[in-house]
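For reference, the chains in residue letters:
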Amino acid sequence: MREAIALATDGMRRGLGGPFGCVVVRNGQVVARGQNQVTATNDPTAHAEVCAIREACQTLGTYALPDCELYTSCEPCPMCLAAIYWARIPRIYYGNTRTDAAAIGFDDDFIYRQIPLAPAARQVEMQPLLRVEAQVGFAEWLRMPDGKPY
């Protein structure tokens, strides 16, 4: 956790992005590090956790990290939490809370409140479109002998 916190401070001081850092650990060894790089890369998905997960997957040659733990300087935002679930990481340790993040201007709680709403009730407009055409690709996926769900 101390390394995640140090990465957060370092990245912030170097102007990479917000004060967020993360490490992925496997068998007691750090296999990946991430710092928030949103403003440095103009990439709103370049959160510390996403960067660390991407590096861990590349380093380990896999898209699933079920034998890893994630240490992050702050409770993950909904995007990062989803990435953690997709990576199958079973345990998260975090320093600051999402309430702490909101107090310095990072209000992830807004997104947390939007998620359970019906699509029509969300602030971001969502409209189904061309579902029948979109289903063609799904049907093809089901027929693929080497299709690998993740």
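Higher on the page you've got the structure.
From a predicted model like this one, the values you see are computed outputs, not experimental measurements.

Peer 1: Got a minute to help me understand the overall build of the protein chain in this structure?
Peer 2: Helix and strand counts for the protein chain come out as seven helices and four strands. Of the regular secondary structure in the protein chain, the N- to C-terminal order runs α-β-β-α-α-β-α-β-α-α-α. Along the first, second and third principal axes, the C-alpha atoms of the protein chain reach 50 × 35 × 25 Å. Expressed as a percentage of its 150 residues, the buried residues of the protein chain come to 31%. Put simply, 46% of the contacts in the protein chain that link residues at least 6 apart link residues at least 24 apart. When the accessible area of the protein chain is evaluated, it comes to approximately 9,900 Å², of which 57% is carbon and sulfur surface.

Peer 1: Where do I start with the nonpolar core in this structure?
Peer 2: The nonpolar side chains of soluble globular proteins are, as a tendency, buried together. Within the largest apolar cluster, 18 residues are counted, with the highest numbers of intra-cluster contacts made by Val24, Ile53, Ala56, Leu65, Leu70 and Ile89. Examining the composition of this core, we find that five residues originate from one element, helix α3 (residues 48-60), more than from any other. The contact partners of Leu65, leaving out residues within four places of it in the chain, are Ile53, Ala56, Cys57, Leu60, Ala87, Arg88, Ile89 and Pro90.

Peer 1: Explain unusual backbone geometry here, please?
Peer 2: Its identity as a non-glycine residue notwithstanding, Asn42 has a phi of 55°, on the positive side. Take Asn42: it is sitting in the loop between α2 (38-41) and α3.

Peer 1: Which parts of the structure should I look at to understand a nonpolar patch on the surface?
Peer 2: A cluster of nonpolar side chains, namely Tyr63, Trp86 and Tyr150, defines an oily patch on the protein surface of about 420 Å² accessible area. Here Trp86 shows up in helix α4 (residues 78-86).

Peer 1: Please explain the side chain of Glu75 as it appears in this structure.
Peer 2: Secondary-structure assignment places Glu75 in the loop between β3 (68-74) and α4. Within the local environment of Glu75, its side chain forms a polar contact with the backbone nitrogen of Arg98, the two atoms lying 2.9 Å apart. Among residues more than four places away in sequence, those in contact with Glu75 are Tyr94, Asn96, Thr97 and Arg98.

Peer 1: Sorry if this is basic, but what is going on with the pairing of strand β1 (residues 21-26) here?
Peer 2: Consecutive residues of a regular strand have side chains that alternate between opposite faces of the sheet. Taken across its six residues, β1 has five buried, putting it largely inside the fold. The sheet contact formed by β1 and strand β2 (residues 29-35) spans six bridges and is antiparallel. Following the sheet pairing, Val24 is matched in β2 by Ala32. Here β1 hands over to β2 after two residues, with Asn27 in that stretch at a positive phi of 55°. Direction of pairing for β1 relative to β3: antiparallel, over a ladder of five bridges.

Here is what the cut-offs are and how they apply
Residues numbered from 1 in each chain as written. Predicted model: local features only at pLDDT ≥ 70, side-chain atom pairs only at ≥ 80, totals over all residues. Heavy atoms only, no water. Helix = DSSP H or I, 4+ residues; strand = E, 2+ residues; numbered from the N terminus. Buried < 20%, exposed > 50% of the residue type's maximum accessible area, 1.4 Å probe, protein only. Contact = heavy atoms within 4.5 Å. Areas by Shrake-Rupley, 256 points an atom, 1.4 Å probe, with all protein chains shown as cover. Core = buried A, V, L, I, M, F, W, Y, C linked by side-chain atoms within 4.5 Å. Patch = residues over 30% accessible without salt bridge, like charges linked within 9 Å, V, L, I, M, F, W, Y side chains within 5 Å. Salt bridge = Lys/Arg side-chain N within 4 Å of Asp/Glu carboxyl O. Polar contact = N/O pair within 3.5 Å; in protein donor to acceptor, adjacent residues only side chain to side chain. Pairing = 2+ DSSP bridges.

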